[in-house]
Structure formats: C-alpha cells, structure tokens
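# Reading the structure
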Amino acid sequence: MNTVDFIPKRRLTSGHMMTLYAWGKPRRFPRLPAPTPRYFDVAPLDPDPAKVLADCYWQPEPHAAPTLLGLHGLEGSSSAHYMLGLADKAWRSGFNVVLLNQRNCGGTEHLSAGLYHSGLTNDPRQVLDELTGLDRLPAIVVAGYSLGGNLALKLAGDYGDSAPPQLKGVAAVSPVLELEACVRALERRENALYQWNFVRNLKSRMRRKARAWPGRFDLTGLGGIRTVRQFDAAYTAPFWGFRDAEDYYHRASALRVAERIRVPALVIAAEDDPFVPTAPFREPSLARNPSVRVLITRHGGHCAFVGEADGREDDGYWAERAIVAFAKDVTSARPSAGERIRAPSPALRA
C-alpha cells in the first residue's frame, strides 16, 4: 500500500467540503461526442427480464482500441459527472468507453423486473462476455466508483484464476469494499446529509419501479424508511434472498474475495472520505495481494480527488487521470503526445 501526496484544490482540505464540491460542481465536456446507446441482456436464462443500458463512445476503429468499462456508484448513472469525466479523458486517450447503468438506474426501471445490489457482478460479467465474444474487443479495463468500485474488485475476485484474457485490469475509486463498515459510517450524525440524499433517491426509484411493474413490490412501509440499512432490510436483502441487511453486506463485499484477485488492480481511497473508512484497505487479503496496488491519499473525500486545474488539459480531477494512466499501462495503449507529459505516472509509481 502506498500513501500518495495528492494536492487538493485550495480550501478543499476537508473531506466533506471536497465531496460536496464534487457533487455540486457543474462540469461540461464539449469534446466528448454524443454516446451511442446499447442494451445488454444480462439475464438470458432468467424467467424475469433484465436488461441494462450503456452509453458507448466508440473510436473510429473500435477493434483496434482498448476499452474502458465504467461502473457508477449507488443511485448514480452513466451521466454522473465522474463517469463523464472519466469517459472524456479515456476517449481522448484512444479508448472505447462503455458507461454502464446498473439495473433501474439512469431511467431504466422498465428494463428489469428486479433490483440491483452492491455485489451483483453478474451484470458487468455478461457485458464483458458480449464485448469480448460478440464484439471481439481485445483489451478491456473495468473501472468503478464507490458501489461500482466494489463491483469491479468483486468481479476480479469472483473470476479468480479464470478471468478472461481480454480483462487486463480493474480500477476502483472510493470503493465500498466492506459494506457494513461503510453503512455504519454513513449512520454517523455528521453524515446525515449523505444518508438523506441516498435514501431519498432509493425511495424515489422504488416508486418509479412500482409504477413500471405494478403489484411486484409492496411500498406500504416505504414512507417510514430513514436509512440505507432500513431500505436494504426491507427491499434489497429479501429480494435477493439474503437473510437480512447484515448478511447482504457481508456477502456482497469485495473484501470477501480480495485475496483471489489475479488481474492488475488499482484502488484509490482517501483518509478523509466521510463514509468509506480506510481500515479495510489495510486488510492483508487486499494489501498483501501482489496484483493489487492500493493508493491512500490524505485528502480526496468520496469519489472527488479534485486538485487545481492548469487551465489547459488538466481539469484537476486527479483520480480520473490516474485511472486512465493505469488503463494505458495494463493495455499498452499508446498515449497522445500531450498526455505523455500529463498522465499522473509519478503518483502511480509512489
């Protein structure tokens, strides 16, 4: 494990300030083309339909380029600022980019009869199978934020020694790889705003879900839910057959399979993340796995890592640049002339 000297943007040396700044700051990507939508059938043998929508940014010759598969966080979507920021940097660096919406996210409640959960690696696995089998893409890196980061790491651990050769690596930013610890941190009083935001979005989605699939979900107790744990106990855990929320958190956490990760993995986390404690990143199953590089910064908040922009190519979003640099490393993608200088390779060698 390495401690990296990430320099935050001025006045953003508080994890809360950094996180809220990233959540609320509008970002625009004028050089990123309009995406091509694509639907993936992720439950071909299941009697309940389940499709997911991806926003795809293809290079002129997709088969000659490596591909970055992006996974968003809890109640996020392919249009989350960090997903678009990552897509912008990766696409301009020569990657195809596939930004996947989890089931029901990004306005796709009608595409899937069921719910998603923090350890549902089946869906990105099905997407990988299609991209490598049908599209015959030669090199793919999976990168996720928060819940998506847990998915990326758990996917690699679930594969173990059997990862497809086209999967060249996985990257995770602020991953909730020990869910119980993260939910417990979210329940602290100082994190009430984050809890409220997540619960508000989860409840809104369940109401949309009920409208799309009448009679499938009982919303009787939805109004009384105040925490993520209560939501998971009422809906996520029983739907997926977990004994309770705590059983779900234990079994869906990437830390359970971290020692089995065999593809190159990059993990980025911050000491001042409001609700992702760094202690799990020091667990031997992860920290001593030779395939995994864990980078811990003093500052960075949750899925933020905003430094000073240089007014040219670098917009200050350090973790996005770090992921692209890692993806170039593991796919041997050739960077453009300007990016040979701007990629954060010194940090990755720390």
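Let us look at the structure shown here. Residue indices begin from 1 for each chain and proceed along its sequence in written order. pLDDT decides what is reported in this predicted model: residues at 70 or higher carry local features, side-chain atom pairs at 80 or more are listed and counted, and totals for whole chains, interfaces and linings draw on all residues regardless. The side-chain numbers reported here are obtained from all heavy atoms of the structure, hydrogens and water having been left aside.

## Some details on helix α2 (residues 81-92)
Here is the rule: Helix and strand definitions here come from DSSP, where helices need a minimum of 4 consecutive H or I residues and strands a minimum of 2 consecutive E residues; each element is numbered from the N-terminal end. The span one expects for a helix is its residue count, reduced by one, times 1.5 Å. For every residue, the accessible area obtained with a 1.4 Å probe (protein chains only) is divided by the maximum for its type, and the residue is called buried under 20%, exposed over 50%, and partly exposed between those limits.
When the terminal C-alpha atoms of α2 are compared, their 16 Å separation across 12 residues agrees well with the 16 Å that a helix rising 1.5 Å per residue should span. Counting buried residues in α2 gives nine out of 12 residues, a clear majority hidden from the surface. Among the residues of α2, those classed as buried are H81, Y82, M83, G85, L86, A87, D88, K89 and A90. Among the residues trailing α2, G94 stands out with phi positive, at a value near 100 degrees.

## Observations regarding the packing of aromatic side chains
Note the following rule: Pairing of aromatic rings covers Phe, Tyr and Trp, the last through its six-membered ring, and needs centres within 6.5 Å; plane angles under 30 degrees mean stacked, over 60 mean edge-to-face, and all others mean tilted. Should the NZ of a Lys or the CZ of an Arg lie within 6 Å of a ring centre and within 35 degrees of the ring normal, that charge is described as sitting over the ring.
Under the criterion given, the structure shown has 13 aromatic pairs. Measuring from centroid to centroid gives 5.4 Å for W23 and Y194, while their planes differ by 85 degrees, and the two rings are edge-to-face. Of the two residues, W23 sits in helix α1 (residues 15-24) while Y194 sits in helix α6 (residues 192-212), which places them 171 residues apart along the sequence. Accessibility expressed as a relative area gives 1% for Y194, which makes it buried. Between Y248 and Y249, the ring centres sit 5.2 Å apart and the planes meet at 40 degrees, which makes this aromatic pair tilted. Y248 sits in the buried class, given a relative accessible area of 3%. For Y249, a relative accessible area of 1% corresponds to the buried category. Each residue in the set W23, Y194, F198 and F275 is aromatic and connected to the rest through ring pairs, giving one cluster. Cation over ring: R27 sits above Y317, and NZ or CZ is 3.4 Å from the ring centre.

## Looking at unusual backbone geometry
Positive phi outside glycine occurs at S146, with the angle close to 55 degrees. If you trace the backbone, S146 turns up in the loop between β6 (140-145) and α4 (147-159). Looking at S146, the relative accessible area reads 8%, which means it is buried.

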